[in-house]
Structure formats: structure tokens, C-alpha cells
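The chain contents come next:
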Amino acid sequence: MNSMKLAAGESFPKLQVPKLGRGTLTLGEPKQAFDWQLVIVYRGAHCPLCTRYLNELNQLLPQINELGVDVAVVSADSEEKARQHLQQVNPKYDVGYDLTIEQMQSLGLYISNPRSPEETDRPFAEPGLFVINDEGNIQIIDISNAPFARPELKSILMGLNFIRNPDNKYPVRGTYK
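Residues numbered from 1 in each chain as written. Predicted model: local features only at pLDDT ≥ 70, side-chain atom pairs only at ≥ 80, totals over all residues. Heavy atoms only, no water.

Novice: Break down the environment of threonine 51 for me, with residues and values.
Specialist: For threonine 51, the location among the structural elements is in helix α1 (residues 48-66). Relative accessible area serves as the criterion here: at 10%, threonine 51 is assigned to the buried category. Sequence separation of threonine 51 and leucine 86 is 35 residues, and the distance between their C-alpha atoms is 7.9 Å. The contacts of threonine 51, once residues within four sequence positions are left out, are His85, Gln88 and Val89. (Helix = DSSP H or I, 4+ residues; strand = E, 2+ residues; numbered from the N terminus. Buried < 20%, exposed > 50% of the residue type's maximum accessible area, 1.4 Å probe, protein only. Contact = heavy atoms within 4.5 Å.)

Structure below.
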């Protein structure tokens, strides 16, 4: 088991994955109109909690984007599975797929094997959420080993609103050594 975990304040490893629709998505590199990026790793098409989470993300996207934060989501699903699954979401954000085990490990994610072939056809990442600031460093990190424990997106939005306000001068937290 790989026990490497990313730390708050560290540089986020830029990872390239295929992007649904076409092209490549670079995790950790916001689109030009933005200076921060929110990266969400979801379990995949087999997870109804992920579908609900991604739908909520779609609803909050305009408010997140208003704060200068780009949004990208990714899973280990194949292109076909991701495309079929996301018809239920109709995402307005970029979606990556085919996240490899090595990429999951480089992000410090928990990785699970399918419980059965009916669940899914490959190992997959458990939920992860990363907010990468304008310096390419991890401002917020949340990694879970189960689908039931993940941050409320409204709380993340509230936090981003506070952190991005220059009057607050809010530092990266959790960096004591």
C-alpha cells in the first residue's frame, strides 16, 4: 500500500488525464480565466452519492467561478462509463477520466477494488478534494476512504469566499511542523 499523502501548502502535482469531449485536462492548472482550481476526484459511475455530489457542484459552479476558481473533476472510469454516467449530471465543468493507479497514488488517494464485476471493472479512487491556489500549492485538501465522508460543497464555497477575500489574509492552515 502506498502511504504517501500530500500536505497542505505543498505544490500540487500537475497531472494530465483525457478530457471528456476531447483533448487533455491538466489537474492543478486552472483555465486561463481563473487563477485557482478546485479538483474533485469522484469514485465513478457506480456511486450514486457521487452523482448527487456532482449535480450539486453543477448548481454551485457559477458562484465558485465568480471567485476566480476553475473546477475539474476526475475518476478512474473509462470514457464510455464517464460519458454514460454524466448524462445524469450534464456537467458545466471539465471532466477527466481514466485516472491511473499511479496518478491516484501520487495524489495520496485511497484506492479500492470493486466488490463485484457489477459494481465496476477496475480499481477506483475514493473521494478527494483539492483546492489549488494561484501559486500552485494546496490550499485545502480532503481525502476520504469512503463515499460517505466528503466535504459539503456549500461549506467549501463559503470557505473559498472567505479565503479569497484579500481583507482576510487567510493563510494555508495545517502546516505546523
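Novice: Go over the sheet that holds strand β5 (residues 94-96) with me, naming the residues and quoting the values.
Specialist: What links the strands of a sheet is backbone hydrogen bonding, and the strands pair in either a parallel or an antiparallel sense. Ordered in space as β5-β4-β3-β8-β9, the 5 strands form an open sheet in which the pairing is mixed. Among the strands making up the open sheet, the edge pair consists of β5 and β9 (138-143). When the angles between neighbouring strand axes are averaged without regard to direction, this sheet yields 15 degrees. In this structure, strand β3 (residues 36-41) lies alongside strand β8 (residues 128-132), joined through 5 bridges in antiparallel fashion. What sits directly across from isoleucine 40, in β8, is leucine 129. Its contacts with the sheet put α1 on β3, β4 (69-74) and β8, and the angle it makes with β4 is roughly 160 degrees. (Pairing = 2+ DSSP bridges. Axes fitted to C-alpha atoms, helices over the stretch in contact; angles between N-to-C directions.)

Novice: Which residues make up the pairing of β9, and what values do they have?
Specialist: Of the pairings in the sheet, the one linking β8 to β9 comprises 5 bridges and is antiparallel in character. If you follow valine 131 over to β9, its bridge partner there is isoleucine 140. With antiparallel pairing between neighbouring strands as the criterion, β8 and β9 make up a hairpin whose turn holds 5 residues, including glycine 136 at a positive phi of roughly 80 degrees.

Novice: Describe the packing of α1 against helix α4 (residues 153-164), naming the residues involved and giving the relevant values.
Specialist: At a closest axis distance of 10 Å, the pairing of α1 and α4 adopts a crossing angle of 20 degrees. Taken together, the axes of α1 and α4 are roughly parallel relative to one another. Considering only the axes of α1 and α4, their crossing is right-handed. Between α1 and α4, the residues in contact are Tyr53, Glu56, Leu57, Leu60, Gln63 and Ile64 and Leu153, Lys154, Leu157 and Leu160, respectively. Class assignment of the residues belonging to the contact of α1 with α4 gives a composition of 7 nonpolar, 1 polar and 2 charged. (Parallel < 35°, antiparallel > 145°, perpendicular 65-115°, else oblique. Left-handed = near helix turned anticlockwise from the far one by under 90°. Nonpolar A, V, L, I, M, F, W, Y, C, P; charged D, E, K, R; others polar.)

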